Amino acid sequence: MPAHEHESDTTTDPLAHERAHLSASRAALRAMREDAQALNIRDVTANWVNAAVLQAQIADRIKSLADLSHTPLFFGRLDYLHVVGAAQAEGAEGEQFYIGRRHVHDADGDPMVIDWRAPVSQPFYRASRKDPLDVGQRRRFGYTGGELTAYEDEHLTDPSEAAQTSKLLQTEIERPRVGPMRDIVATIQPEQDEIVRSDLGGTVCVQGGPGTGKTAVGLHRVAYLLYAHRERLARTGTLVIGPNKSFLHYIEQVLPALGELEVKQATVDDLVTAQVEVRSTDEARAAVVKGDARMAEVLRRAIRSHVTMPAEPVMVVRGSRRWRVPAYEIEEMVKELLARDMRYGAAHEALPQRIAHAVLVRMEEAGEAPDDRVQNAVARTPAVKAAVKAAWPAVDPSKLVLRLLSDPEFLAAHANGLLSEDEQKTILWTKPARSVKAAKWSAADAVLIDEANDLVARTHSLGHVVIDEAQDLSPMQYRAVGRRCSTGSATVLGDLAQGTTPWSTQSWEQALHHLGKSDALVEELTAGFRVPREVIAYASRLLPVISPGLAAVESVRESPGSLSVREVTGADALDAAVVAACAESLEQEGSTGLIAADARVPALAEALTAAGHSYLSPGQETTAESRLTLVPASLAKGLEYDYVVLDEPAAVVDGEPDERTGLRRLYVALTRAVSGLIVLHAAPLPQELG
Ligand SMILES: Nc1ncnc2c1ncn2[C@@H]1O[C@H](COP(=O)(O)OP(=O)(O)OP(=O)(O)O)[C@@H](O)[C@H]1O
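Residues numbered from 1 in each chain as written. Predicted model: local features only at pLDDT ≥ 70, side-chain atom pairs only at ≥ 80, totals over all residues.

Structural notes on the UniProt feature "binding site: ATP" (unreviewed entry) in the protein
Reasoning step 1: Within the UniProt annotation, "binding site: ATP" (unreviewed entry) is assigned to Gly 208, Gly 209, Pro 210, Gly 211, Thr 212, Gly 213, Lys 214 and Thr 215.
Reasoning step 2: Structurally, the position occupied by Gly 211 is in the loop between strand S8 (204–208) and helix H6 (214–228).
Reasoning step 3: The residues touching Gly 211, leaving out its near neighbours within four places in the chain, are Gly 528, Phe 529, Arg 530, Val 531, Val 553 and Thr 671.
Reasoning step 4: Tracing the backbone shows Thr 212 in the loop between S8 and H6.
Reasoning step 5: Judged by local crowding, Thr 212 falls into the buried class, with 27 C-beta atoms found within 10 Å.
Reasoning step 6: In this view, Thr 212 contacts Leu 525, Thr 526, Ala 527, Gly 528, Phe 529 and Val 553; residues no more than four positions away in its chain are not counted. (UniProt positions renumbered as here; feature names shortened; annotations may be inferred. Helix = DSSP H or I, 4+ residues; strand = E, 2+ residues; numbered from the N terminus. Contact = placed C-beta atoms within 7 Å. Buried ≥ 20, exposed ≤ 12 C-beta atoms within 10 Å, placed from the backbone.)

What about the UniProt feature "domain: UvrD-like helicase ATP-binding" (unreviewed entry) in the protein?
Reasoning step 1: UniProt records the feature "domain: UvrD-like helicase ATP-binding" (unreviewed entry) at residues 187–541, using the numbering of this structure.
Reasoning step 2: What you have in residues 187–541 is 51% helix and 12% strand, and the ends, taken at the C-alpha atoms, are 30 Å apart.

A word on unusual backbone geometry
Reasoning step 1: Unusually for a residue other than glycine, Asp 134 sits at a positive phi of about 65°.
Reasoning step 2: Counting through the fold element by element, Asp 134 comes out in the loop between helix H3 (122–126) and strand S6 (135–144).
Reasoning step 3: On the basis of neighbour count, Asp 134 is assigned to the partly exposed category, with 19 C-beta atoms found within 10 Å.
Reasoning step 4: Positive phi values are uncommon outside glycine, yet Glu 469 reaches one of about 50°.

Side note on the environment of Asp 642
Reasoning step 1: Along the chain, Asp 642 turns up in strand S23 (residues 641–647).
Reasoning step 2: With 22 C-beta atoms counted inside 10 Å, the residue Asp 642 sits in the buried group.
Reasoning step 3: Measuring from C-alpha to C-alpha, the distance between Asp 642 and Asp 67 comes to 29 Å, with 575 residues separating the pair along the chain.
Reasoning step 4: In this structure Asp 642 touches Pro 176, Arg 177, Gln 588, Gly 590, Ser 591, Thr 592, Val 674 and Ser 675, once residues within four positions along its chain are discounted.

Take a look at the structure:
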């Protein structure tokens, strides 16, 4: 695949020709923006509400038509052998398309640039020598600071041309990583593209080792789905779930860069803490039980225990007449509602109407002609209300969970046969809370309340939800996410070897079951775009212990990377050695992350400051001026730095409640580097690394 980089401005020169197309496309985009700006809505809107809505839509459109000087308008070109969609007749003319981030057309409406998500763009990502998909030539463009400076061709149907890896792709993968996460739209790989373009109807689960592009793929899938199902998803909504705020901050620019501004981002905690404030943390043992799917059944039983079979008839007085519905008839209604397994709150609303209906039937039998208004009025009479309160009382979900965690007898009544006595004791509060407001709720408690809420009233479902770092979710958290896409679909992204919660996912099959998406497709990504060969080989020594059976990632990075493991004599010397390693890394281009056990962070912060190094925390963006981030190991997941200095692996392992989790945390820390890793230790290294 020849790369072309020479300069020339004759019109016969291909690079000059492509540059001219770039200028023309930018001019066309400018014209599209000017058209949008010139729209006069006064003639078409009848009232000010419509006008405001329309004006906002136009403002969004103008924003989306901005020409960002450092974001190339197109990055590829496809030369089809035939007219797309036409019968492939011998000798027919081909068609040429420029592939970019958005659609641009000229004054006649003819396309200048095609959106990467359009069906005709797909072969840019998928066509191969084996299956050229009617593409004669695929061209990739290289840019330097917004300038088109190179191109590279593949002739997929030419048997004499040898297959080669793309230099431009390699350059893109090797590019230093300063600033927030970038999109990969120009270089999505075929196996990634299959996931990106899988249909909205199905849930996809991706298992992939560190740096295989799971996050990137998940975000591009959202962008793709929004393009392919724009109206439906605008109505139903999309959501990206990440492990913590600093991670969400790191990825938040990717979708806007792809022109998608409406996608919400949240942590699972954000989703479930609308009603209560989280003010405490559980011990691991308690959190594991609270996060177990058996808790869903405990809650279901507890809520249904509020239903009591009626013992009294209902007597409704209307005018001079009295109507009696006997207890056994109300009992039948209650039993029928229980059997229908509807939401508790919906049944609570339905029961008064059923009783009133029974009264209406009696009225009709007595020759009266009551209408619907009478039924509503009867449903609201004190007698009916009292009967409903006795048989199917309203339940406050937070109070229900409060009682389960405070009242041993109440818990036992609903948990017996599900949770052992020991497990019950583990989750009971030692000091029962007096009220919902006063209770010191934990994150796991909030998930229980969320489950109870859903038992009372169905949770609103979105059209699509992406869950990143999913391996860390508890079964109850999967359920919480699952009810937010119960009528939609999900993209589940994770790595079993990076699970660091006490309840982390053991198998995707189980996880998908809890999510309510057992029919999901499980895909695997194994090509690593982040971690260089030498470094991933070192980290993968941990795999047999932390996740037996999982294949090691194969790095596709050309530069082998640098790995240096240094022993420091004496714990006192460690801090100085770490600071020196940071200074050494900062001499290179790109970002440096100093990763350390959480407990080591204050000492290292002090050492860095004393040595005159300013540093960022994981939530802050690296810039050309400020390239060093001090990262507690607990926040390293999902992030990456060009150079990583890893402080004292043994301390990272010891920072976790058990060894396996500790080694998994270490695996995460070891796999954040893009170009080089320096490991410094005063204590012996964990033997698994030896
Ligand atoms: N096709 C690609 N072309 C170029 N870069 C890519 C491609 N796929 C992934 N990358 C880059 O590789 C890096 C790792 O990607 P990403 O963070 O999505 O991996 P991940 O699987 O989520 O990793 P982790 O398990 O560590 O969270 C990112 O910088 C991403 O931009």
